[in-house]
Amino acid sequence: MTAIKHALQRDIFTPNDERLLSIVNVCKAGKKKRNCFLCATVTTERPVQVNVVKVKKSDKGDFYKRQTAWALRDLAVVDAKDAVKENPEFDLHFDKVYKWVASSTVEKNTFISCIWKLNQRYLRKKIDFINVSSQLLEESVPSGENQSVAGGDEEAVDEYQELNAREEQDIEIMMEGCEYAISNAEAFAEKLSRELQVLDGANIQSIMASEKQVNILMKLLDEALKEVDQIEMKLSSYEEMLQSVKEQMDQISESNHLIHLSNTNNVKLLSEIEFLVNHMDLAKGHIKALQEGDLTSSRGIEACTNAADALLQCMNVALRPGHDMLHAVKEQQQRFIDLREQFARRLASHLNSVFVQQGHDQSSTLAQHSVELTLPNHHPFHRDLLRYAKLMEWLKNTDYGKYEGLTKNYMDYLSRLYEREIKDFFEVAKIKMTGTTKEGKKFGLHGSSGKLTGSTSSLNKLSVQSSGNRRSQSSSLLDMGNMSASDLDVADRTKFDKIFEQVLSELEPLCLAEQDFISKFFKLQQHQSIPGTAMSEAEEMDGGTLSRSYTSGGPQTISSEKDMIRQMMTKIFRCIEPELNNLIALGDKIDSFNSLYMLVKMSHHVWTAQNVDPASFLSTTLGNVLVTVKRNFDKCISNQMKQMDEVKISKKSKVGILSFVAEFEEFAGLAESIFKNAERRGDLDKAYIKLIRAVFVSVEKVANESQKTPRDVVMMENFHHIFATLSRLKISCLESEKKEAKQKYTDHLQSYVIYSLGQPLEKLNHFFEGVEARVAQGIREEEVSYQLAFNKQELRKVIKEYPGKEVKKGLDNLYKKVDKHLCEEENLLQVVWHSMQDEFIRQYKHFEGLIARCYPGSGITMEFTIQDILDYCSSIAQSH
């Protein structure tokens, strides 16, 4: 194998400047055994390139030729097949997988080891070696050893240096002098050895000749060392002198550093003192204002406000680290705290006195408003208190406990004041609604000297009755409401409407003004919420304090400021909703139709309040009251429907226009005038649908039960009245009901005419019915006269029984009968009579036609004409 390796190096790789490092004799797996060699080579030029070359013997001779070469960097996987057992097979993965079988396992392992070492040395590429024994794969080549790759040739590659031009020239001269060197290497080596010995001898002689010069040089060196010692002694003395100077300079430098440090500290100390003096010094004027300032005058309030702001700034100054440990700072902070608490107590005491005084002053003005339906104006009181608004904000930020106490006291004082004012105001409204006449006494109220002396407990009960009590009293209230609806005219209802509107118009600005004042005075934002938990409904209704929990960082709110405003308004005006409910109950008791006025007015005011603030106290309260009004309105509708269902008619008198039909007309007319341009038109339209359907059902029920008046007359007259009412009022939601009423009126008019008219020429009618029966049986019309029972003589006999005088008499009796059936208020007599006249003429023409067709040329005619019929009807109508 060694001889083959040298031959391959000489013949194939040396001409290509390559060096052969490892070789393995292989053949392809699974095919015909044709041996070849895989060689691992490196180039001699830099940069080094590593290749795997396939070499095979030529077919024409014994020389080898290069067949295929792969760059080692293209090798991806080396698969040795088995890492434990000896196996000569292995795979190389280049662009495709090449499967080989080595001549021996030793050669395979040697070749794979060489490939691994070349990869580690030159490429450092990730080549996967699988199924390879770990002994073959060394992690690194040991340092300090001339370990070679495949025989030690790697080190030779690294240590090889190219000859320069001079070295090449010397070698050429030497080679020219010894031409035989190539042919006789031993002789050339002996010559070179002799020349080397000559050169060594010359070198020794030269060294011995220079010994004298060396001695001279040593003497000079000794003298130089003596001079160096002298210089070192001088330098030592100089250093001792400089050491004292250095110590003095160090002392001076240290002194300068201490002076600089002292100056720096003094500057910093001055800065800190100036900061404390500038930010924590409160002017004497401010201290005096906080301790003795006048809280009644505008100038004094302004001075106190400025002093409180200055105190707050001093207390809130951001101290630097260490300031809070200074004794003077602690004393100043304690002084500020004492000033704050002293002024907060003085301010809270003064404002409480103002609240109490306001209650007394406002009570003195109640007498002048007791007769008029107006509420006292609180604007002057609000104007005076708003001067303290900034101080209230200061108190809120510095001492929330006193701020909360003032808030509670304000609600307590003002709620009692407003309760007296609002109750007196509603008493006046009730008096004006009922008056001081007998009518007022009828509702349990009495007027005396402009004051309401009657007990209002009965009215208050109306708003707190249970649902069972309401049902038990509904019948009595309904009767009273119906009585009022018939007794009171439109002027009385208009008066009630104006009073109710005035009540709402007085309450609305009062609530809005108070809410605006609360927001400004107590510094509560109406449209900005802050985190918190809303107060429970029980606390709100119980008038509980707007409590706050405290931590070291300050108060934590449990409700948004907007909710606080609503809670305060609820506490202050807690009597508004029950008083409004009492007033609504009284209005409904006076006249059930008043619920229509109240529904429109309340809807408008709720709509206005919600446009301003949907969650405000006024919007919520009016919305709750609107629910009560809507219930009364629904109860009014239900009572009317109940009346219709329970109506009874007299058996001895004619029916005429039913009472609930007339009441529906009154209700619709009143509702249309009230709900014109109203916001809640939909409620009325729903009520219309319910009422009109109930009216239709009740009319038919009464018509079926009527004994004195024919059913068709009851239906005709009442549906005519309903149609006329709907046509006049033009209610869009009842358009289909209007058409239905007209159709029912027309149908029952026709039915009544046919029923009442019957067969005025009874025998003649029977005669022609027989004629028509014969024609229906197939007899020709012109042959009917040949029938024994229907010949011309029989026809003339029947016609003679109905002369004009008898006809007129029959029509006169019919007119009297119709007049007895119809009522006067609806005035349908002429309409019915005209319809009967038309029906009679229609029958007359029918008979004339049958005579002309069945008795042609007979000359037989009726003993009266159409003109006679018209004259009879006209004469009868005029005579009555």
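Nothing here was measured: the structure is a model prediction, and the numbers come from that model.

Colleague: Go over the overall build of the protein, please, and point to the residues and values.
Modeller: Secondary structure summary: the protein contains 31 helices and twelve strands in total. Residues counted as buried form 41% of the 880 residues belonging to the protein. Sequence-distant contacts in the protein: of pairs separated by 6 or more residues, those separated by 24 or more amount to 70%. Counting only carbon and sulfur atoms, one obtains 51% of the accessible surface of the protein, whose full area is about 49800 Å².

Colleague: Describe a negative patch on the surface, listing the residues and the values that go with them.
Modeller: Side chains of Glu167, Glu168, Asp170, Glu172 and Glu176 sit close together on the surface and give a patch of like negative charge. As for its position among the elements, glutamate 168 is in helix 4 (residues 165–177).

Colleague: Now, about unusual backbone geometry: what can you tell me, with residues and values included?
Modeller: Here arginine 46 and proline 47 are connected by a cis peptide whose omega angle stands at -5 degrees. Inspection of the secondary structure puts proline 47 in the loop between strand 2 (36–43) and strand 3 (50–57). Phi at lysine 523 takes a positive value of approximately 55 degrees, unusual for a residue other than glycine. Assignment of secondary structure puts lysine 523 in the loop between helix 17 (490–521) and helix 18 (537–541). The class of lysine 523 is partly exposed, set by a relative accessible area of 28%.

Colleague: Can you break down the packing of helix 7 (residues 284–292) against helix 8 (residues 298–315) residue by residue, with the values?
Modeller: Contact geometry of helix 7 with helix 8 gives a least axis separation of 8 Å together with a crossing angle of 115 degrees. As judged from the angle between their axes, helix 7 and helix 8 are roughly perpendicular. Remark: the crossing between helix 7 and helix 8 carries left-handed chirality. Side by side, helix 7 and helix 8 meet where His286, Ala289 and Leu290 of the first sit next to Ala303, Cys304, Asn306, Ala307, Ala308, Ala310 and Leu311 of the second. Residue classes in the contact of helix 7 with helix 8 are distributed as eight nonpolar, two polar and no charged.

Colleague: Explain the pattern of salt bridges to me, using residue names and the numbers behind them.
Modeller: Side chains bearing opposite charge may pair, as long as their charged atoms lie close to each other. Scanning the entire structure with this criterion turns up 33 salt bridges. Note that aspartate 645 and lysine 701 form a salt bridge whose closest N and O atoms lie 3.8 Å from each other. Here aspartate 645, found in helix 22 (residues 617–646), pairs with lysine 701, found in helix 24 (residues 681–705); they are 56 residues apart in sequence, far enough to count as distant. Relative accessible area serves as the criterion here: at 30%, lysine 701 is assigned to the partly exposed category. Here glutamate 665 makes a salt bridge to arginine 728, at a shortest N to O gap of 3.0 Å.

Colleague: Would you mind going over the nonpolar core in detail, with residue names and values included?
Modeller: One finds Tyr410, Val503, Leu764 and Val832 to be the most contacted residues of the largest nonpolar core, which totals 172 residues. It is helix 13 (residues 400–434) that contributes the most residues to this core, 14 residues altogether. Every residue in contact with tyrosine 410, bar those within four places of it in the chain, is listed here: Phe355, Phe381, His382, Leu385, Ser415, Glu514, Phe517, Ile518, Phe522 and Ile572. In terms of nonpolar packing, the next biggest core, distinct from the first, is built from 30 residues, Ala102, Phe111, Ile115 and Ile127 among them.

Colleague: I'd like a rundown of the side chain of serine 785, residues and numbers included.
Modeller: Here serine 785 lies in the loop between helix 27 (762–776) and helix 28 (792–800). In this structure serine 785 touches Phe790, Asn791, Lys792, Cys854 and Tyr855, once residues within four positions along its chain are discounted.

Colleague: A description of the packing of aromatic side chains should follow, citing residues and the corresponding values.
Modeller: Here the structure, examined in full by the defined rule, presents 29 aromatic pairs. Arranged with centres 5.5 Å apart and planes meeting at 90 degrees, the rings of phenylalanine 767 and phenylalanine 768 form a pair that is edge-to-face. Like phenylalanine 767, the residue phenylalanine 768 is buried in the burial classification. An aromatic cluster of at least three residues, connected via ring pairs, comprises Phe355, Phe381, Tyr400, Tyr403, Tyr410, Phe517, Phe521 and Phe522.

Colleague: Describe the pairing of strand 7 (residues 97–102), with residues and values.
Modeller: Relative to strand 7, strand 1 (residues 18–28) runs antiparallel, the two sharing three bridges. When the sheet's bridge partners are listed, valine 26 is paired in strand 7 with alanine 102. The pairing of strand 6 (residues 89–93) with strand 7 spans five bridges and is classified as antiparallel. Bridged to histidine 93 within strand 7 is valine 97.

Colleague: An account of the packing of helix 13 against helix 17 is needed here, citing residue identities and associated values.
Modeller: Remark: helix 13 packs on helix 17, axes separated minimally by 10 Å, with the N-to-C direction vectors making an angle of 170 degrees. For the element pair helix 13 / helix 17, the angle class is roughly antiparallel. Contacts between helix 13 and helix 17 pair Tyr410, Tyr418, Phe425, Phe426, Ala429, Lys432 and Met433 from the former with Lys495, Phe496, Ile499, Gln502, Val503, Glu506, Leu507, Leu510, Glu514, Phe517 and Ile518 from the latter. Tallied by class, residues from the contact of helix 13 with helix 17 come to 13 nonpolar, one polar and four charged.

Colleague: Residues and numbers for the pairing of strand 3, please.
Modeller: Counting buried positions along strand 3 yields seven of eight residues, so the element is predominantly enclosed. Pairing analysis gives six bridges linking strand 2 to strand 3, with the strands arranged antiparallel. Bridge pairing links valine 42 to valine 50 in strand 3. Here strand 3 runs beside strand 4 (residues 64–71); their pairing, made up of seven bridges, is antiparallel. Following the sheet pairing, lysine 56 is matched in strand 4 by lysine 65.

Colleague: Go over a nonpolar patch on the surface, please, and point to the residues and values.
Modeller: On the surface, Val214, Ile216, Leu217, Met218, Leu220 and Leu221 cluster together to form a nonpolar patch covering roughly 550 Å² of accessible area. Summarising the element assignment, methionine 218 is placed in helix 6 (residues 211–280).

Colleague: Can you tell me about the sheet that holds strand 6, naming the residues and giving the values?
Modeller: One open sheet accounts for eight strands, arranged 4-3-2-1-7-6-5-8; its pairing is mixed. With one partner strand each, in any of the chains shown, strand 4 and strand 8 (128–130) form the two edges of the open sheet. In this sheet, adjacent strand axes meet at a mean angle of 30 degrees when their direction is disregarded. One ladder, built from eight bridges, connects strand 1 with strand 2; its direction is antiparallel.

Colleague: So what's going on with the environment of isoleucine 866? Which residues, and what values?
Modeller: For isoleucine 866, the position within the fold is in helix 31 (residues 866–879). Judged by relative accessible area, which is 29%, isoleucine 866 ranks as partly exposed. Sequence-wise, isoleucine 866 and isoleucine 841 are 25 residues apart; in three dimensions their C-alpha atoms are separated by 6.6 Å. Beyond its immediate chain neighbours, meaning those up to four positions away, isoleucine 866 contacts Ile841, Tyr844 and Lys845.

Colleague: A description of the confidence of the model for the protein should follow, citing residues and the corresponding values.
Modeller: On average, residues of the protein carry a pLDDT of 79, and 83% of them reach 70 or more. Mean pLDDT in the protein bottoms out at helix 15 (residues 457–464), which sits at 33, and peaks at strand 2, which reaches 93. Across residues 527–558, confidence stays below pLDDT 50; counting only partners more than four residues off in sequence or on other chains, it has 49 contacts.

Colleague: Which residues make up the environment of aspartate 591, and what values do they have?
Modeller: Structurally, aspartate 591 is set in the loop between helix 20 (576–590) and helix 21 (594–612). Here the alpha-carbon distance between aspartate 591 and cysteine 636, two residues 45 residues apart in the chain, equals 9.8 Å. From its side chain, aspartate 591 meets the backbone nitrogen of phenylalanine 593 in a polar contact 3.0 Å long.

Colleague: Describe the environment of leucine 829, listing the residues and the values that go with them.
Modeller: In this structure, leucine 829 sits in helix 30 (residues 829–854). With residues near it in sequence (within four places) discarded, leucine 829 still touches Tyr815, Val818, Asp819 and Leu822.

Criteria and cut-off values
- Residues numbered from 1 in each chain as written.
- Predicted model: local features only at pLDDT ≥ 70, side-chain atom pairs only at ≥ 80, totals over all residues.
- Heavy atoms only, no water.
- Helix = DSSP H or I, 4+ residues; strand = E, 2+ residues; numbered from the N terminus.
- Buried < 20%, exposed > 50% of the residue type's maximum accessible area, 1.4 Å probe, protein only.
- Contact = heavy atoms within 4.5 Å.
- Areas by Shrake-Rupley, 256 points an atom, 1.4 Å probe, with all protein chains shown as cover.
- Patch = residues over 30% accessible without salt bridge, like charges linked within 9 Å, V, L, I, M, F, W, Y side chains within 5 Å.
- Salt bridge = Lys/Arg side-chain N within 4 Å of Asp/Glu carboxyl O.
- Lys, Arg positive; Asp, Glu negative; His and termini not counted.
- Charge placed at Lys NZ, Arg CZ, Asp CG, Glu CD.
- Axes fitted to C-alpha atoms, helices over the stretch in contact; angles between N-to-C directions.
- Parallel < 35°, antiparallel > 145°, perpendicular 65-115°, else oblique.
- Left-handed = near helix turned anticlockwise from the far one by under 90°.
- Nonpolar A, V, L, I, M, F, W, Y, C, P; charged D, E, K, R; others polar.
- Core = buried A, V, L, I, M, F, W, Y, C linked by side-chain atoms within 4.5 Å.
- Phe/Tyr/Trp six-rings, centres within 6.5 Å; stacked < 30°, edge-to-face > 60°.
- Pairing = 2+ DSSP bridges.
- pLDDT = per-residue confidence, 0-100.
- Polar contact = N/O pair within 3.5 Å; in protein donor to acceptor, adjacent residues only side chain to side chain.

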